[in-house]
Amino acid sequence: MEDFEHELARMMRATQADTPFEDQHRRRLQAGVRARRRARTVWMATGSALTIAGLGVGLEVLPSASAQGGPAVPHHRPTSTTAPVPLPTRTCTTVPVPSPAHTSTTVPVPIPTRTCTTVPSPVPTPSSPAK
């Protein structure tokens with residue numbers, strides 16, 4: 001029982017009270033105490049049911065999560081460097097290619113051809129971490 005209920009019960013039973021509670025007040029107070037007890041019981045039962053449901057869901061999810069064949073070892077992630085990665089250099093030249101001789105009255109226009117070469121950039125050497 002709570003302190004309020006103890007005090008209320010003491011006041012209702014006390015013979016030293018100047019004016020005892022009337023029957024209608026006594027019934028209202030007892031109904032209030034019963035309502036508080038019912039509310040507390042419902043609150044505790046709801047909390048217990050939610051706790052049990054949460055544990056049941058957790059126990060169902062945990063075995064299925066480990067049975068999915070997830071990796072046991074964490075994946076290695078690439079390390080980032082502070083130095084920028086050099087880009088390969090690319091040089092392009094445009095060379096006109098003559099078209100074959102035509103017998104028509106129009107003058108052939110040479111079609112330019114673009115030739116590009118890529119020079120690979122040097123691969124950065126990994127630095128060993130200082131210990």
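Residues numbered from 1 in each chain as written. Predicted model: local features only at pLDDT ≥ 70, side-chain atom pairs only at ≥ 80, totals over all residues. Heavy atoms only, no water.

**Quick look at the overall build of the protein chain**
Then, number 1: Tallying secondary structure elements over the protein chain gives two helices and two strands in all.
Then, number 2: Secondary structure elements of the protein chain, listed N to C terminal, follow the sequence α-α-β-β.
Then, number 3: Sequence separation of 24 or more characterises 49% of the internal contacts of the protein chain that already satisfy a separation of 6 or more.
Then, number 4: With an accessible surface of roughly 12,400 Å², the protein chain has 63% of that area assigned to carbon and sulfur atoms. (Helix = DSSP H or I, 4+ residues; strand = E, 2+ residues; numbered from the N terminus. Contact = heavy atoms within 4.5 Å. Areas by Shrake-Rupley, 256 points an atom, 1.4 Å probe, with all protein chains shown as cover.)

**Focus: the pattern of salt bridges**
Close approach of charged atoms allows side chains with opposite charge to pair.
Then, number 1: Applying the stated criterion across every chain yields a total of four salt bridges.
Then, number 2: A salt bridge links arginine 40 to glutamate 2, with the nearest nitrogen and oxygen atoms 3.2 Å apart. With arginine 40 in helix α2 (residues 23-66) and glutamate 2 in the segment before α1 (3-13), this residue pair connects regions lying 38 residues apart in the sequence.
Then, number 3: Residue class for arginine 40 comes out partly exposed when judged on its relative accessible area of 29%.
Then, number 4: Linking glutamate 5 and arginine 40 is a salt bridge whose minimum nitrogen-to-oxygen distance equals 3.4 Å. Of the two residues, glutamate 5 is situated in helix α1 and arginine 40 in helix α2; the sequence distance between them amounts to 35 residues.
Then, number 5: On the accessibility criterion, glutamate 5 (3% relative accessible area) is buried. (Salt bridge = Lys/Arg side-chain N within 4 Å of Asp/Glu carboxyl O. Buried < 20%, exposed > 50% of the residue type's maximum accessible area, 1.4 Å probe, protein only.)

**Considering the confidence of the model for the protein chain**
Then, number 1: Model confidence for the protein chain is summarised by a mean pLDDT of 76, while 58% of its residues fall at 70 or above.
Then, number 2: Put simply, strand β1 (residues 89-97) is where the protein chain has its lowest mean pLDDT, 70, and α2 is where it has its highest, 90. (pLDDT = per-residue confidence, 0-100.)

**With respect to the environment of cysteine 116**
Then, number 1: Along the chain, cysteine 116 turns up in strand β2 (residues 111-119).
Then, number 2: Between the C-alpha atom of cysteine 116 and that of threonine 91, which follows or precedes it by 25 residues, the distance is 5.6 Å.
Then, number 3: Not counting residues up to four positions away in its chain, the partners in contact with cysteine 116 are Arg90, Thr91 and Cys92.

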